[in-house]
Structures are given as structure tokens and as C-alpha cells.
Amino acid sequence: MKRRIIACNVIAALSMIVLMSALLGGCATAPKEEQTLLVWPPPPLPARIEFVRSIVGEQDLKQDTTFSQKVMDFLTGIKPPPTRIVEPMGIAVTDDGQRLYVANSRGYVLMFDFENSVFTKIEPLAYPIGLVLDGQGNLHVVEQRNRQISVFDPSGQKIRSYTHADLERPSGIAIDRVRGRVYVADTGGGKQKGETTTGHSVKVFDLDGELLQTIGRGKGQEPGQMLFPTYLTVDTEGNLFVTDTLNARVQVFNPAGNYVKSIGQRGNAWGMFDKPKGVALDNLGNVYVVDSGWSNVQIFNQKGQVLLFFGGRGPLPGMLKNPTAIAIDANNRIYVADYINHRVNIYKLVNTSAADSNIKPVPNNIMATDTKG
């Protein structure tokens, strides 16, 4: 069976604490704000990541269900309504965190407007994956099967679509609002054997949908080459971060499209990847990388040093099963698409300043392997 990396000692202990809390106190009336039980790293070290809540469907607009109640719902088999998240592949969130968009592989995007308690379903869409918001609040949706990007206004009305003949199999998307560029990961695989491929690259469009350039030195494993890139993000300086999934790394390119550096490599040790996917940055400049294979999120500083990881494989709230996308709002709330658990988990960065990213990383979570598939 495939080996999966988890924080076995830490997560097992924390999961037991959560479970006992739910069993002992879940039936009692709980206050709206209850103590966070799931944190990384564990005590006595200061918490850096706290689990906040899970979003599964429309009902989460109307009540902020407590952590213990969600555990009890899981244990008792309570099923959420049909207006729910199913196999989420993409996430976008407004800077203030009041509006969350989730791409479901079943052919629609769900919009959760927490401020106004409004739920919107945008459909039909041809296998939506990547989501991103531009400076006007318009949502750009990668429709992989149509090989195009569709744009919707804040009310969910379609404005337009754009594509290019060289776009083979689009997946992730990012926008540099300052420079007016749209980056689309082209995973490749859209050409027949023997045909010339332009995939395994990143296509760069302007906001009007005109192709400007292609980033990447072709299919391969060398610096600047790519092998099935999936998700993207852009930092405040215009540098592009590309999850090079089957090369098990994140590559960084400058605004001109030139290769700068790589983060991570294949392996099962601290700071290594199995199948990296979503990538995002907090407002301190730390890089968060979702690993679908290990079912966790690893955090790196700008030097590429690993600082911490959170998550771990499991069904309980706060745990993950083959996560995909990630987004971070301006308040450092972290949204992770939990694919097999059919939900979005929300975490937050706490007790952390920019100086904490520059200290020598300490492996304060125990990394280990597990044979559970």
C-alpha cells in the first residue's frame, strides 16, 4: 500500500483529545466561540496554526457550528444537505474573507457570502478547477474540459470567456493585479502521440484575454522545465510560484518569466513532497504548499526552509484527505480544499511575526510514515 506521511504521534494524540471532548461535552450547550482544540505545533510550544472550522454547504452561512458539534455530526452520521461542497478543486477568497468561492469537479462553483448570508451556485461549468479574483472582484474560472477561462461578475453573471489554441489542459490560475497579467498553468497531455506539445508550462494572458508569453523550458526535470504543473500564486513583487506536481517541487519565476529557484523535492522527510498541489502566501511572505499525497500543508520561508506543517490524513474536522487548492486572505486565514472529505477547512496563523520566519527552523512536529491508503 502507498506510504503516506503524517504527524503520527502529534495527530493521534490531538485526535484523541478532540474525540474525547466531543464525546464528553458535545451534547451540552456550547457557546458560540469555543476553545480551539486542534493546533500546530502541540503544547507546550506556542501555537502557530489553529483550526477554525469546516465549510461543507449552504447551512454554514446560517450558523457557525461549533467544533465539537461537527465531530458529533461525523460520529453520528448526520449528512449535510445536497447544496454542499463535493470534491473541491479550486478556492478563491476575497481579501476580507467575507466571500468564499469553491470549484466543485461535478461542474459548478459555490459562492458563500458570509457577510450577507447569501449562497450562489454558478453552473453549468465544464470541469472547473482554478479560481482567482481580479481587482474588480470578478471571478476567473478555469474550465478544463472547454480549455478556456470564464469570467463572472460579483453577482455570478457571466461576462466573457478567453482561451488560446496553445492552451492544452489548463488547471491553476493566478492574477498579478499590479501588472495586469493572468497566469494559467497548462498541465499538458492534450496532444496526441507524436504531436508537438506546448503544455507543461504556464501561459501568460493580459486581462483582455490576449496571450502574452509562455513560461517554462518545456517538459522535463531540469530547472525551468515542468512536469504537469497544477496550481499557481503570485507574490507582491510579481514573482510567480508554480507547483510542479510530478517533479515534486515548487518553482519560482521572476516577473520576466525567468527561473529563480525551487522549493522542496521528492521524499518523505521534513520539507519534501509527494504530490504538491495548491500554493499560497501569507502576508508575512511565507509559502504554503498543499501536499495531496501526504494530506498536509507545509510552510516555508522565503529562503525555502521548512518551518512547520499542519493537517494530516483523517476524516475528523481539521484533518485532510487528498487536499487540493489553498487560499489565504488578508487576515492570514487559510482555506484548504479537502477533496475526499468534501469540504473546505479553515485555519488561521497565530502568535507569529515576520521575525519568526527567519529563525532556524526546528522540526517541532514529528514526521513519520503510515501504510494507510
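Predicted model only: the values in this text are computed from it and were never measured.

Caption draft 1: Geometry of the sheet that holds strand β18 (residues 249-253). On the basis of which strands lie adjacent, the open sheet formed by 4 strands has the order β16-β17-β18-β19 and antiparallel pairing. Single-partner strands in this sheet number two, and they are β16 (229-234) and β19 (259-263). Strand-to-strand twist in this sheet, taken as the mean axis angle between neighbours without regard to direction, amounts to 25°. As paired elements, β16 and strand β17 (residues 240-244) share 4 bridges and run antiparallel to each other. Opposite V234, over in β17, you have L240 as the bridge partner.

Caption draft 2: Structural context of the layout of surface pockets. Considering only enclosed or pocket space, the largest pocket measures out at about 1,000 Å³ in volume. I175, T233, V234, L281 and I328 are the residues nearest the centre of the largest pocket, which is lined by 42 residues in total. At the level of secondary structure, the elements contributing two or more residues to the lining of the largest pocket comprise β4 (88-93), β8 (128-133), β12 (170-176), β16, β20 (276-281) and β24 (326-328). Sorting elements by how many residues they give to the lining of the largest pocket places β12 first, with 5 residues. Of the residues in the lining of the largest pocket, the class split is 22 nonpolar, 12 polar and 8 charged.

Caption draft 3: A look at the nonpolar core. Counting residues in each nonpolar core, the largest one holds 23 residues, and the members touching the most others are I55, I85, I91, L100, F112, Y335 and V344. Residue assignment for this core shows that the elements contributing at least two residues are β4, β5 (99-104), β6 (108-113), β25 (333-338) and β26 (343-349). Setting aside residues no more than four positions away along its own chain, L100 makes contact with I91, A92, V93, L110, M111, F112, F114, Y335 and V344. Residues W40, F51, V297 and L320 belong to the second largest nonpolar core, which totals 19 residues.

Caption draft 4: Representation of the sheet that holds strand β10 (residues 148-152) within the structure. The strand order across the open sheet built from 4 strands is β8-β9-β10-β11, with neighbouring strands paired in antiparallel fashion. A strand with exactly one partner marks an edge of an open sheet, and here the two such strands are β8 and β11 (158-162). Within this sheet the neighbouring strands show an average axis-to-axis angle of 20°, counted without direction. The pairing of β10 with β11 spans 4 bridges and is classified as antiparallel. Each residue of the ladder has a partner; that of V151, found in β11, is R160.

Caption draft 5: The arrangement of the pattern of salt bridges in detail. This model, assessed by the stated rule, comprises 10 salt bridges. Notably, a salt bridge pairs D274 with K275, separated by 3.8 Å at the nearest N-O pair.

Caption draft 6: Region of interest: the pairing of β8. Counting buried residues along β8, 6 of its 6 residues qualify, which places the element largely inside the surrounding structure. As defined by bridge partners, β8 adjoins strand β9 (residues 139-143) across 4 bridges and the pair is classed as antiparallel. Its bridge partner being in β9, V132 is matched across the sheet by H140. Linking β8 back to β9 in an antiparallel pair, the connection comprises 5 residues, with G137 at a positive phi of about 85°.

Caption draft 7: Here's a closer look at the environment of L110. Considering the arrangement of structural elements, one finds L110 in strand β6. Sequence-distant contacts of L110, defined by excluding residues within four places in its chain, comprise R84, I85, L100, Y101, V102, N104, F119, T120 and K121.

Cut-offs used in this document
- Residues numbered from 1 in each chain as written.
- Predicted model: local features only at pLDDT ≥ 70, side-chain atom pairs only at ≥ 80, totals over all residues.
- Heavy atoms only, no water.
- Pairing = 2+ DSSP bridges.
- Helix = DSSP H or I, 4+ residues; strand = E, 2+ residues; numbered from the N terminus.
- Axes fitted to C-alpha atoms, helices over the stretch in contact; angles between N-to-C directions.
- 1 Å grid on protein atoms, 1.4 Å probe; cavity = no way out; pocket = protein on both sides within 12 Å on 5 of 7 lines; lining within 4 Å.
- Points joined across faces, edges and corners; volume = space filled by probe spheres on them.
- Nonpolar A, V, L, I, M, F, W, Y, C, P; charged D, E, K, R; others polar.
- Core = buried A, V, L, I, M, F, W, Y, C linked by side-chain atoms within 4.5 Å.
- Buried < 20%, exposed > 50% of the residue type's maximum accessible area, 1.4 Å probe, protein only.
- Contact = heavy atoms within 4.5 Å.
- Salt bridge = Lys/Arg side-chain N within 4 Å of Asp/Glu carboxyl O.

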